[in-house]
Amino acid sequence: MVLLGTVRRWDGVAVGQAVSIDRVHEPVMVGQVLGNLSPEPGQTLLDLTVGAGGHAAQLLERLGAGGVLVGIDRDPAILQVARRVLAPFGASAILRTARSDALRAVLRDLKITAVNGVLMDLGVSSLQIDEAARGFSWRGEGPLDMRMDATQGRTARELLLTMSEQELVHILFRYGEEPFARRIAKELKALSRGAMPRTTTELAQLVERIVPSRLKGRSSVHPATRVFQALRIAVNDELGTLERTLPEIEQALVPGGRVVVISFHSLEDRIVKDYFRSGRQAGVFSEVARKPLCADEAEVQRNPRSRSAKLRFAVKALAA
Ligand SMILES: C[S@@+](CC[C@H](N)C(=O)[O-])C[C@H]1O[C@@H](n2cnc3c(N)ncnc32)[C@H](O)[C@@H]1O
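Residues numbered from 1 in each chain as written. Predicted model: local features only at pLDDT ≥ 70, side-chain atom pairs only at ≥ 80, totals over all residues.

Considering the packing of helix α1 (residues 30–37) against helix α2 (residues 54–63)
Viewed as axis vectors pointing N to C, α1 and α2 meet at an angle of 45°, and their least axial separation amounts to 11 Å. With respect to each other, α1 and α2 are oriented oblique. Taken as a pair, α1 and α2 cross one another with a handedness that is right-handed. Along the contact surface, α1 presents Val 30, Val 33, Leu 34 and Leu 37, while α2 presents His 55, Gln 58, Leu 59 and Arg 62. Of the residues contributing to the contact of α1 with α2, the split by class is five nonpolar, two polar and one charged. (Axes fitted to C-alpha atoms, helices over the stretch in contact; angles between N-to-C directions. Helix = DSSP H or I, 4+ residues; strand = E, 2+ residues; numbered from the N terminus. Parallel < 35°, antiparallel > 145°, perpendicular 65-115°, else oblique. Left-handed = near helix turned anticlockwise from the far one by under 90°. Contact = placed C-beta atoms within 7 Å. Nonpolar A, V, L, I, M, F, W, Y, C, P; charged D, E, K, R; others polar.)

What to know about unusual backbone geometry
With phi around 75°, Met 146 is a residue other than glycine that occupies positive phi space. On the neighbour-count criterion, Met 146 (27 C-beta atoms within 10 Å) is buried. Of note in this structure, Glu 177 is not a glycine but carries a positive phi near 45°. Take Glu 177: it is sitting in the loop between α7 (165–176) and α8 (181–190). (Buried ≥ 20, exposed ≤ 12 C-beta atoms within 10 Å, placed from the backbone.)

Topic: the pairing of strand β7 (residues 253–263)
A regular strand places its side chains on the two faces of the sheet in alternate fashion. Of all 11 residues making up β7, eight are buried, and the element is well covered by its neighbours. Across six bridges, the pairing between strand β6 (residues 115–121) and β7 is parallel. Along β7, the bridge assignment pairs Met 120 with Val 261. (Pairing = 2+ DSSP bridges.)

Re α7
Taking 1.5 Å of rise per residue, the 12 residues of α7 would be expected to cover 16 Å, and the 16 Å separating its terminal C-alpha atoms lies within 8% of that figure. Among the residues of α7, those classed as buried are Leu 168, Ile 171, Leu 172, Tyr 175 and Gly 176. Each buried residue of α7 sits inside an arc of 100° when the element is viewed along its axis, so together they form one side. (Expected span 1.5 Å × (residues − 1). Arc of directions from axis to C-beta.)

A short note on the packing of α7 against α8
At a minimum axis distance of 9 Å, the contact between α7 and α8 shows a crossing angle of 140°. With respect to their mutual orientation, α7 and α8 come out oblique. Crossing geometry of α7 relative to α8 is assigned as right-handed. Between α7 and α8, the contacting residues are Glu 165, Leu 168, Val 169, Leu 172 and Phe 173 on the first element and Ala 181, Arg 182, Ile 184, Ala 185, Lys 186, Leu 188 and Lys 189 on the second. Taken together, the residues of the contact of α7 with α8 sort by class into eight nonpolar, no polar and four charged.

Thoughts on the sheet that holds strand β8 (residues 285–288)
Strand pairing in a sheet relies on backbone hydrogen bonds. The paired strands run either parallel or antiparallel. Spatially, β5-β4-β3-β6-β7-β9-β8 is the arrangement adopted by the seven strands of the open sheet, whose pairing is mixed. Each edge of the open sheet carries a strand with a single partner, namely β5 (93–97) and β8. Strand-to-strand twist of the sheet, defined as the mean angle between neighbouring strand axes without regard to direction, takes the value 15°. Relative to β5, strand β4 (residues 68–73) is paired through five bridges, and the arrangement is parallel. Bridge pairing in β5 places Leu 69 opposite Ala 93. Against the sheet, helix α12 (residues 238–252) touches β3 (44–47), β6, β7 and β9 (310–316), its axis set at about 150° to β7.

If you want it as structure tokens, here you go:
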């Protein structure tokens, strides 16, 4: 553990002390992930959001030398971290750059017909957020990018330039629950191409100017936090990808196989809940979480990111 010192709010007010594990992403709800995936020696598992390999390492410990974990991440840069972290597991850890909805192609390529368990730990890793050059956060100055896979798709700036004002309002409202969505979208779309923010700082300053000053001091959250979250979700088509991934997971599981999904946004959790529920009604899943599981207080204290984590699981029926 490394003590990072005083944590300051966006406006400079000290709010506590931060403790971090040497800038490594700390996996959330590890006990509940292991408990609900129930990995057994020799099994084959699929981690669709392998990130820095925190959950994957715990799973590989339980799979033993005869087991295999296929780890996928859409971010080729973060997969390099997983490669280092999971190197001690040798050939048991197979890593591929891919988006989760391409899991079938990855498994086909590896000649794996079915897996015993699947994990999804959605969103971005703190390693991605902390890297200012990726443009995910207002905290550091970087290009307005936000792509998890920086080799594909439109950056956040390109999205701002190409979307209509109406589309932008929709995204800010729906993905960010941003109360000033209309005003922010109007100001942004009134800008000429050259004046459109190029950096995270320029966007954060524009949002700060729009949010009324009487509201600014009230929250410990930076006024641009919701806008950044909304744009990141849109840039990476996070909800659409999740919707396309869930049926693929169902197909890939052996009868009796288990899936665990951790989400950090109510819209993601809704998608997972509805999919599992309707699968249960259709007899595809024999068991699903009735309510989402959350991190306990001790974990929230240790790792604030776990505060908004919601974990759901489902078990594929034996005769699905
Ligand atoms: C919250 S982190 C996962 C952390 C990981 N469980 C660990 O213990 O280190 C999410 C990771 O999943 C990746 N990711 C998010 N959505 C994805 C998707 N649909 N397909 C593939 N990778 C995805 C991100 O690039 C990021 O590295």
